[in-house]
Amino acid sequence: MMSADRENHDMTQTDIALLLADAADGVEIGIAPVQAVIRGGRRRRARRWAVAAATALVLAGSTGATLAFAGLPGERAGRGTPTAPGPASAEERHVYEPQRTELARGTEHGRQWRVWVEVWGAPRDVREADRQFAAMKRTGLRPAVDKAADLVGKSSYFSMRSYGDGRSLVVMFDTHQRTDRLTGTDLMAAAVSLEGVGPTTPERLVVGHVAKSAREVTCRWKDGRSTVARPGGSAAAQDGTALIRPVAGYPGGNWFVCLAPEGTVYEDAHVTG
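Residues numbered from 1 in each chain as written. Predicted model: local features only at pLDDT ≥ 70, side-chain atom pairs only at ≥ 80, totals over all residues. Heavy atoms only, no water.

**Section: the pairing of strand E6 (residues 99–108)**
Then, number 1: Relative to strand E7 (residues 111–120), E6 runs antiparallel, the two being bridged by nine bridges. Considered in E7, the bridge of glutamate 108 is made with arginine 111.
Then, number 2: Count of turn residues in the E6/E7 antiparallel hairpin: two residues, of which histidine 109 carries a positive phi of about 55 degrees. (Pairing = 2+ DSSP bridges. Helix = DSSP H or I, 4+ residues; strand = E, 2+ residues; numbered from the N terminus.)

**What to know about the state of the cysteines**
Then, number 1: A full pass over the atoms with the stated rule returns one disulfide.
Then, number 2: Linked covalently through their sulfurs, cysteine 219 and cysteine 258 form a disulfide whose S-S length is 2.4 Å. One disulfide, between cysteine 219 and cysteine 258, carries an S-S torsion of 75 degrees and so falls in the right-handed class. Here cysteine 258 lies in strand E16 (residues 254–259) and cysteine 219 lies in strand E13 (residues 217–221), a separation of 39 residues in the sequence. We note that cysteine 219, like cysteine 258, is buried. (Disulfide = S-S within 2.5 Å. Buried < 20%, exposed > 50% of the residue type's maximum accessible area, 1.4 Å probe, protein only.)

**With respect to the packing of aromatic side chains**
Then, number 1: Considering all chains together, one arrives at four aromatic pairs under this definition.
Then, number 2: Ring plane angle 70 degrees and centroid distance 5.6 Å describe the contact between tyrosine 250 and tryptophan 255, whose orientation is recorded as edge-to-face.
Then, number 3: Aromatic rings pair up to connect Tyr157, Tyr250 and Trp255 into one cluster.
Then, number 4: The ring centre of tryptophan 116 lies 4.5 Å from the NZ or CZ of arginine 114, which sits over that ring. (Phe/Tyr/Trp six-rings, centres within 6.5 Å; stacked < 30°, edge-to-face > 60°. Lys NZ or Arg CZ within 6 Å of the ring centre and 35° of its normal.)

**Remarks on the environment of lysine 222**
Then, number 1: Mapping lysine 222 onto the fold places it in the loop between E13 and strand E14 (226–231).
Then, number 2: A residue is classified by how much of its surface remains accessible, and lysine 222, at 54% relative accessible area, is exposed.
Then, number 3: Leave out the neighbours within four places in its chain, and lysine 222 touches Thr264, Val265, Tyr266 and Glu267. (Contact = heavy atoms within 4.5 Å.)

**A closer look at the side chain of lysine 154**
Then, number 1: Inspection of the secondary structure puts lysine 154 in the loop between helix H2 (126–138) and strand E8 (155–163).
Then, number 2: Of the side chains bearing the opposite charge, aspartate 150 lies closest to the buried lysine 154, which forms no salt bridge; the N-O distance is 5.4 Å. (Lys, Arg positive; Asp, Glu negative; His and termini not counted. Salt bridge = Lys/Arg side-chain N within 4 Å of Asp/Glu carboxyl O.)

**Things to note about the pattern of salt bridges**
Then, number 1: Summed over the entire model, instances satisfying the criterion amount to twelve salt bridges.
Then, number 2: The salt bridge involving glutamate 216 is made with arginine 230; its shortest N-O contact spans 3.2 Å. In this pair, glutamate 216 sits in the loop between strand E12 (205–210) and E13 while arginine 230 sits in strand E14, placing the two residues 14 residues apart along the sequence.
Then, number 3: Residues joined in a network through salt bridges with shared partners are Glu97, Arg100 and Glu118.

**What to know about the pairing of strand E9 (residues 169–176)**
Then, number 1: Along E9, eight of the eight residues are buried, which leaves the element largely enclosed by surrounding structure.
Then, number 2: For E8 and E9, the ladder comprises seven bridges, and the chain directions are antiparallel. For serine 156, the partnering residue across the bridge sits in E9 and is threonine 175.
Then, number 3: Hairpin connection, E8 to E9: the antiparallel pair is bridged by five residues, and glycine 164 has positive phi, about 60 degrees.

**Some words on the confidence of the model for the protein chain**
Then, number 1: The share of residues in the protein chain with pLDDT of 70 or more is 65%, and the mean pLDDT across the chain is 74.
Then, number 2: Every residue in residues 1–50 scores below 50 in pLDDT, and together they form 154 contacts with partners more than four places removed in sequence or on other chains.
Then, number 3: Confidence drops under a pLDDT of 50 for residues 53–81, and excluding neighbours within four residues, the segment shows 147 contacts in the predicted structure. (pLDDT = per-residue confidence, 0-100.)

**Focus: the nonpolar core**
Then, number 1: Grouped together as the largest cluster of nonpolar side chains are 20 residues, with contacts concentrated most on Leu103, Trp113, Leu205, Val207 and Trp255.
Then, number 2: Elements with a minimum of two residues in this core: E6, E7, E8, E9, strand E11 (187–192), E12 and E16.
Then, number 3: Discounting residues that sit within four places of it in the chain, valine 207 has contacts with Leu103, Val115, Ser159, Val171, Met172, Met188, Ala189, Ala190, Trp255, Phe256 and Val257.
Then, number 4: Formed by 18 residues, the second largest nonpolar core is a distinct cluster that contains Leu187, Val206, Trp221 and Phe256. (Core = buried A, V, L, I, M, F, W, Y, C linked by side-chain atoms within 4.5 Å.)

**Observations regarding H2**
An α-helical turn contains 3.6 residues, so a residue and the one three or four places further along point in the same direction.
Then, number 1: A rise of 1.5 Å per residue sets the reference length of H2, with its 13 residues, at 18 Å; its end C-alpha atoms lie 18 Å apart and thus fit the reference within 8%.
Then, number 2: Taken together, the buried positions of H2 are Glu128, Ala129, Gln132, Ala135 and Met136. When H2 is viewed along its axis, its buried side chains cluster within an angular range of 125 degrees and face the same direction. Away from the buried face of H2 by more than 90 degrees, exposed residues Arg127, Lys137 and Arg138 are located.
Then, number 3: Elements in contact with the buried residues of H2: E7 and E8.
Then, number 4: For H2, the N-terminal capping position is held by aspartate 125, with its side-chain oxygen 3.2 Å away from the main-chain nitrogen of arginine 127.
Then, number 5: A positive backbone phi angle near 85 degrees is found at glycine 140, which sits one or two residues after H2. (Expected span 1.5 Å × (residues − 1). Arc of directions from axis to C-beta. Polar contact = N/O pair within 3.5 Å; in protein donor to acceptor, adjacent residues only side chain to side chain.)

In structure tokens, the structure reads:
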């Protein structure tokens with residue numbers, strides 16, 4: 001992956017889509033955002049995280065923020081606390097099998113859709129990193145690093161969605177040594193299609209993460225309507241079209257999902273409570 005200067009986005013959509021394809025072999029990739037999106041909030045350093053298949057992307061906070069698009073693999077910059085040492089066993093640390101948390105699910109036109117997050121624990125040496133890299137590859141995933149050895153000491157996450165019997169789509173992913181902890185009204189999100197992928201598909205599904213203190217996220221749609229996501233228990237136990245939930249293994253904040261009604265698309269999203 002290449003580092004994208006948030007103030008200078010001269011690359012074409014095709015250029016960026018090709019870079020994302022290199023970072024995520026085996027998954028569907030769409031056209032990536034070219035222009036920075038600015039929302040009210042604190043200006044934050046560019047994050048080393050990647051967005052796949054996203055055509056709208058938001059970073060919002062509390063005092064003057066700029067969207068951060070995409071990045072070089074490696075150690076994450078910015079604030080955060082190093083991951084505390086975990087259990088000795090690689091299996092207990094979820095190095096070879098990720099922790100999976102379902103965020104939301106629903107049914108549309110007789111087909112079930114789901115959104116979930118996978119978090120892979122940090123390998124402690126090159127041997128563990130090689131095995132983890134191979135395990136990811138078997139499931140069609142590739143982390144935001146150049147080679148397996150770059151995984152040592154870093155955890156990875158992938159947020160994903162599925163629709164019917166089609167291929168799973170990676171929405172957002174990152175590999176980092178330290179996790180930025182979102183605070184206040186900080187929000188990082190991607191808007192993608194519920195079905196299919198490409199520049200002409202309607203961006204109805206919004207997936208992102210917010211501070212643990214956030215109790216309400218409002219997603220606004222182009223037709224003037226809005227959807228409010230609030231904390232929920234099991235996504236399977238209720239209408240899963242708008243939920244805020246913690247994700248196992250991810251300490252940086254909670255995750256949320258909003259789904260736009262048919263006939264409209266994403267406008268913006270903000271923490272409103």
